[in-house]
Protein chains: 2
Amino acid sequence: MKKVPVILTGFGHVGRAAFTLFSEKRPAVRERYGIEIEIMAVMKADGAFHTGERLELGRISRGGALWTADNPAWHAGLPIADLIRPLGKGGCLVDCTPSNLPSGEPGLTYLLGALESGWNVATAGKAALVTAFGRLRALAAENGLALKFSGATAAALPTVDVGVISLAGTRIEGIQGILNGTSNYVLTRMAEGLGYESALDVARSHGIAEPDPSYDVDGWDSAAKLVLIANACLDQEFGLNDVRIAGISGLPADFVREARREGKSVKLLAAASPSGKGRAWNLEVQPSLLDPAHPLFHVEGTEKGITFLTDTMGSVTVTGGRSNPRGAAAALLKDLINIYYS
Amino acid sequence: MKKVPVILTGFGHVGRAAFTLFSEKRPAVRERYGIEIEIMAVMKADGAFHTGERLELGRISRGGALWTADNPAWHAGLPIADLIRPLGKGGCLVDCTPSNLPSGEPGLTYLLGALESGWNVATAGKAALVTAFGRLRALAAENGLALKFSGATAAALPTVDVGVISLAGTRIEGIQGILNGTSNYVLTRMAEGLGYESALDVARSHGIAEPDPSYDVDGWDSAAKLVLIANACLDQEFGLNDVRIAGISGLPADFVREARREGKSVKLLAAASPSGKGRAWNLEVQPSLLDPAHPLFHVEGTEKGITFLTDTMGSVTVTGGRSNPRGAAAALLKDLINIYYS
């Protein structure tokens, strides 16, 4: 039995889902993998909640009253290194802080603090990785620690695992992904005849699009995921500035309908393609016309998918995977298990 | 740099492809993973070729004249343990022997010999695993060795990796696969209007179907792959007797055409489903009607695909992956890399 102390940073939708899922799955993970998950603290931007004991779901889910200055378990402004120190080395930071570009904070401080303190990292946050991938990867490597980010690269859709593990030994010759469920949902509704604004309204009414959907529909979310997937699978250190980004915002309805009439579909495709010059790659996010033979042609609605082109294995496509916070939490749990189980 | 001595067993299409691919990829694997692959011997049913030195592609590809009694490097009837002993522990058996049911030989003897001698195993052969999975897995576990078989479970299509690694921590609630390219090709031609025999003739003329196609079209190949995938991903010890098998041999053309008229497709589906009784599973291979919404509906021709249904990640589908001997060789190389690279 391997005891793994966990600190959860960020307690929004994904953080709560992670706390709940890790607690529910605790007995199954112990039985199947011999890993005892112990969530020892929850950290938010303004402080940390910890009692010195493993945190129980029942207590945490009662919520609000915990995070107050008069609760002796609430520690305002505590640096993460101070939180980690009494727990020893070898624990796992499970980072669920929201993406904040270009600073990467507060996730970046948490990730650096964890890796410098001898802790592994599983993160669902993109911003810190997009901002400082090379630095974080080098720090993890120097200290023999894992830096996993499945939850940041399309939640439950396996992307990095497949590129790194299932395709080990191949030369990846291209990556193409439909990595943003909101955009794909809007495009699917547009293919059915709606205009852009109407399709977006439908997406909003189903809780699929945010009130301000620009991060999704302008292609930033897809670009951030593409950067992370390319860095992991192609062994690169790209940042967001390396991606040419065009979103679907304001896309003419005619363009989508016309494509459909010709038997094609319009997808917001995130692609890494060899530039033809040495080892360099072109990274692009843009609305793209797909033929019916394209393996991502049938990825509809909020579904996501990724295709890898390889030299020896042909093309390999993965689709599906739940997109909600619970799917992201499941990706974090997967990463944690794969760090400690062997 | 990690030197990995390799013995290749079986030298048919897959064995030759593996020798060629491992030789071609040697520099890239050294550079990317720090693994130095050294193929030290090639073993066939009647003996082994080894010189005490790493075998070079140029020499081996000259072929036939090597395997003769008057060649001092040819060792008739040498047991695998004797071949391994001078190479020390920690090497990798790369097994490419053809499937021979129900005995599992000659692969079974090779696999047992390797695991008993402290060697890891990557195999593309199904027979030994289907016949003696529990015994082989226990032997590997007792000795802290890896027993990998991606090459036996749909060649380059990632199946076991995804179920075990990418879905770690989920409860897998069902597995459905199109695991045999020959059958799927025949069904695709039938959906276009051909009768069974004509479709099979076309498959034969393209080198897709064997002269005796029964192993493929009667469902045995799919069943063997299903057993291996289920054993790995569901932590079971099924054998072929646990699978209800119905192939596509002699399937009426009307059945396939009628399905098409109704907007459905007929696929030879290999499925593991909970039986409803405790932890037991139903394993079946049978021609199945798929709706357009099924993630494997669009898997056509020789393509393969697999869908995992999970509790927390939703459904995850993988399609593609080259089906030829080079694809199987690439799966063997992937397994070898994942055994030694960390």
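Residues numbered from 1 in each chain as written. Chains lettered and ligands numbered in written order. Predicted model: local features only at pLDDT ≥ 70, side-chain atom pairs only at ≥ 80, totals over all residues. Heavy atoms only, no water.

**Q** Which residues make up the overall build of chain A, and what are the values?
**A** Within chain A, the secondary structure is distributed over 12 helices and 13 strands. In terms of overall size, chain A behaves like a compact globule, its C-alpha atoms giving a radius of gyration of 21 Å where 342 residues would be expected to give roughly 20 Å. Summarising its shape, the C-alpha atoms of chain A cover approximately 65 × 45 × 40 Å along the three principal directions. Sorting the 342 residues of chain A into buried and exposed places 59% on the buried side. Taking the contacts inside chain A whose residues are at least 6 apart along the sequence as the reference set, 71% of them involve residues at least 24 apart. Carbon and sulfur atoms provide 50% of the accessible area of chain A, an area that totals close to 13,400 Å². (Helix = DSSP H or I, 4+ residues; strand = E, 2+ residues; numbered from the N terminus. Rg over C-alpha atoms; globule rule 2.2 N^0.38 Å. Buried < 20%, exposed > 50% of the residue type's maximum accessible area, 1.4 Å probe, protein only. Contact = heavy atoms within 4.5 Å. Areas by Shrake-Rupley, 256 points an atom, 1.4 Å probe, with all protein chains shown as cover.)

**Q** Describe the environment of Ala 230 of chain B, with residues and values.
**A** All names here are of chain B. Within the secondary structure, Ala 230 is located in helix α10 (residues 220–234). For Ala 230, a relative accessible area of 0% translates into the label buried. Between the C-alpha atom of Ala 230 and that of Arg 16, which follows or precedes it by 214 residues, the distance is 29 Å.

**Q** Let's hear about the nonpolar core: which residues, and what values?
**A** Among soluble globular proteins, nonpolar side chains are generally buried collectively. One finds Phe 22 of chain A together with Phe 22 of chain B to be the most contacted residues of the largest nonpolar core, which totals 224 residues. Setting aside anything within four residues of it in sequence, one finds Phe 22 of chain A in contact with Ile 37, Ile 39, Val 94, Ala 329, Leu 332, Leu 333 and Leu 336 of chain A. (Core = buried A, V, L, I, M, F, W, Y, C linked by side-chain atoms within 4.5 Å.)

**Q** Provide a residue-level description of helix α1 (residues 13–33) of chain A, including the pertinent values.
**A** All names here are of chain A. At Arg 26, α1 is deflected by roughly 55°, the largest bend along its length, and proline Pro 27 occurs up to four residues later in sequence. Looking only at α1, the buried set comprises Gly 15, Ala 17, Ala 18, Phe 19, Leu 21, Phe 22, Ser 23, Lys 25, Arg 26, Val 29 and Tyr 33. Of the residues trailing α1, Gly 34 is marked for its positive phi of about 65°. (Bend = angle between axes of the 7 residues up to and from the residue.)

**Q** Before we move on, can you summarise the packing of helix α7 (residues 181–191) of chain A against helix α8 (residues 196–205) of chain A with the specific residues and values?
**A** All names here are of chain A. Across the interface, α7 lies against α8 with an axial gap of 9 Å and an inter-helix angle of 125°. For the element pair α7 / α8, the angle class is oblique. For the pair α7 and α8, the sense of crossing is right-handed. In this structure, α7 contributes Tyr 185, Val 186, Arg 189 and Met 190 to the contact, and α8 contributes Tyr 196, Ala 199, Leu 200, Val 202 and Ala 203. In terms of residue class, the contact of α7 with α8 is built from eight nonpolar, no polar and one charged. (Axes fitted to C-alpha atoms, helices over the stretch in contact; angles between N-to-C directions. Parallel < 35°, antiparallel > 145°, perpendicular 65-115°, else oblique. Left-handed = near helix turned anticlockwise from the far one by under 90°. Nonpolar A, V, L, I, M, F, W, Y, C, P; charged D, E, K, R; others polar.)

**Q** Give a detailed account of the interface of chain B and chain A, specifying residues and quantitative values.
**A** Opposite the 37 residues of chain B that make contact, chain A presents 38 residues. A buried area of about 3,000 Å², summed over both sides, lies between chain B and chain A, and 53% of it is on carbon and sulfur atoms. Of all residues in chain B, Ile 165, Thr 312 and Met 313 of chain B give up the largest surface area on contact with chain A, accounting jointly for 19% of the area buried on that side. Across the contact surface, chain B and chain A share two salt bridges. Salt-bridge contacts for Asp 311 of chain B lead to Lys 25 of chain A; the nearest nitrogen and oxygen are separated by 2.6 Å. For the interface between chain B and chain A, the tally reads 20 residue pairs in polar contact (both at pLDDT 80 or more). (Buried area = accessible area lost by both parts, 1.4 Å probe. Salt bridge = Lys/Arg side-chain N within 4 Å of Asp/Glu carboxyl O. Polar contact = N/O pair within 3.5 Å; in protein donor to acceptor, adjacent residues only side chain to side chain.)

**Q** Which residues make up the pairing of strand β10 (residues 265–274) of chain A, and what are the values?
**A** Residue and element names in this part refer to chain A. A large share of β10 lies buried, amounting to eight of its 10 residues. Where strand β8 (residues 172–178) lies against β10, three bridges are found, and the strand directions are antiparallel. Residue pairing in the sheet places Ile 175 in a bridge with Ala 272 of β10. Strand direction decides the pairing type here: β10 and strand β11 (residues 281–290), joined by 10 bridges, are antiparallel. Residue pairing for β11: Ala 271 is matched across the bridge by Glu 284. (Pairing = 2+ DSSP bridges.)

**Q** How would you sum up the sheet that holds strand β4 (residues 74–76) of chain B? Please name residues and give values.
**A** Two modes of strand pairing occur in sheets, parallel and antiparallel, and in both the strands are linked by backbone hydrogen bonds. Residue and element names in this part refer to chain B. If you walk across this open sheet you meet the seven strands as β4-β3-β2-β1-β5-β6-β7, and the pairing is mixed. Every interior strand has two partners, whereas the edge strands, β4 and β7 (147–148), have only one. For strand β1 (residues 2–9) and strand β5 (residues 92–95), the ladder comprises four bridges, and the chain directions are parallel. Following the sheet pairing, Val 6 is matched in β5 by Cys 92. Contacts from helix α4 (residues 107–116) reach β1, β2 (35–44), β5, β6 (120–123) and β7, with the element oriented near 170° to β5.

**Q** Quick rundown of the sheet that holds strand β11 (residues 281–290) of chain B? Include the residues and the values.
**A** Here we have 12 strands laid out as an open sheet, ordered β9(A)-β11(A)-β10(A)-β8(A)-β12(A)-β13(A)-β13(B)-β12(B)-β8(B)-β10(B)-β11(B)-β9(B), and mixed in their pairing. This sheet does not close on itself; its edge strands, each paired only once, are β9 (243–245) of chain A together with β9 (243–245) of chain B. Strand-to-strand, the axes of this sheet are offset by a mean angle of 20°, without reference to chain direction. In the packing of helix α7 (residues 181–191) of chain B onto the sheet, the strands contacted are β8 (172–178) and β10 (265–274) of chain B, and the crossing angle to β10 of chain B comes to about 140°.

**Q** How would you sum up the packing of aromatic side chains? Please name residues and give values.
**A** All names here are of chain A. Here the structure, examined in full by the defined rule, presents six aromatic pairs over all chains. Centre to centre, the rings of Phe 133 and Phe 149 are 5.7 Å apart; their planes meet at 90°, and the pair counts as edge-to-face. Note that Phe 133 is positioned in helix α5 (residues 127–142) and Phe 149 in the loop between β7 (147–148) and α6 (160–166), a separation of 16 residues in sequence. For the pair shown, Phe 133 and Phe 149 are each scored as buried. Residue placement shows Arg 32 over the ring face of Tyr 33; its charged tip is 4.9 Å from the ring centre. When the ring centre of Tyr 185 is taken as reference, the NZ or CZ atom of Arg 189 above it lies at 4.7 Å. (Phe/Tyr/Trp six-rings, centres within 6.5 Å; stacked < 30°, edge-to-face > 60°. Lys NZ or Arg CZ within 6 Å of the ring centre and 35° of its normal.)

**Q** Provide a residue-level description of the relation of the copies chain B and chain A, including the pertinent values.
**A** Rotating chain B by 180° and translating it 0.0 Å along the rotation axis places it on chain A, where the RMSD comes to 0.0 Å. Each copy turns onto its partner about a two-fold axis. Residue Val 318 of chain B, judged by its C-alpha, is the member of chain B lying nearest the rotation axis, at 2.2 Å. Looking at the interface residues of chain B, 100% of them are also at the interface in chain A, so both copies use one shared face. (Least-squares fit on C-alpha atoms with pLDDT ≥ 70 in both.)

**Q** Which residues make up the environment of Gln 236 of chain A, and what are the values?
**A** Residue and element names in this part refer to chain A. You can see Gln 236 is positioned in the loop between α10 (220–234) and β9. Overall, the relative accessible area of 16% leaves Gln 236 in the buried class. A C-alpha to C-alpha distance of 9.4 Å links Gln 236 and Trp 281, two positions 45 residues apart in sequence.

**Q** How would you explain the side chain of Lys 25 of chain B if you had to name every residue and give the values?
**A** Within the element layout of this structure, Lys 25 of chain B appears in helix α1 (residues 13–33). Here Gly 169 of chain A takes part through its backbone oxygen, which lies 3.0 Å from a polar atom of the side chain of Lys 25 of chain B. For Lys 25 of chain B, the side chain forms a polar contact with the side chain of Asp 311 of chain A, separated by 2.6 Å. Discounting residues that sit within four places of it in the chain, Lys 25 of chain B has contacts with Gly 169, Thr 170, Arg 171, Asp 311 and Thr 312 of chain A together with Leu 333 of chain B.

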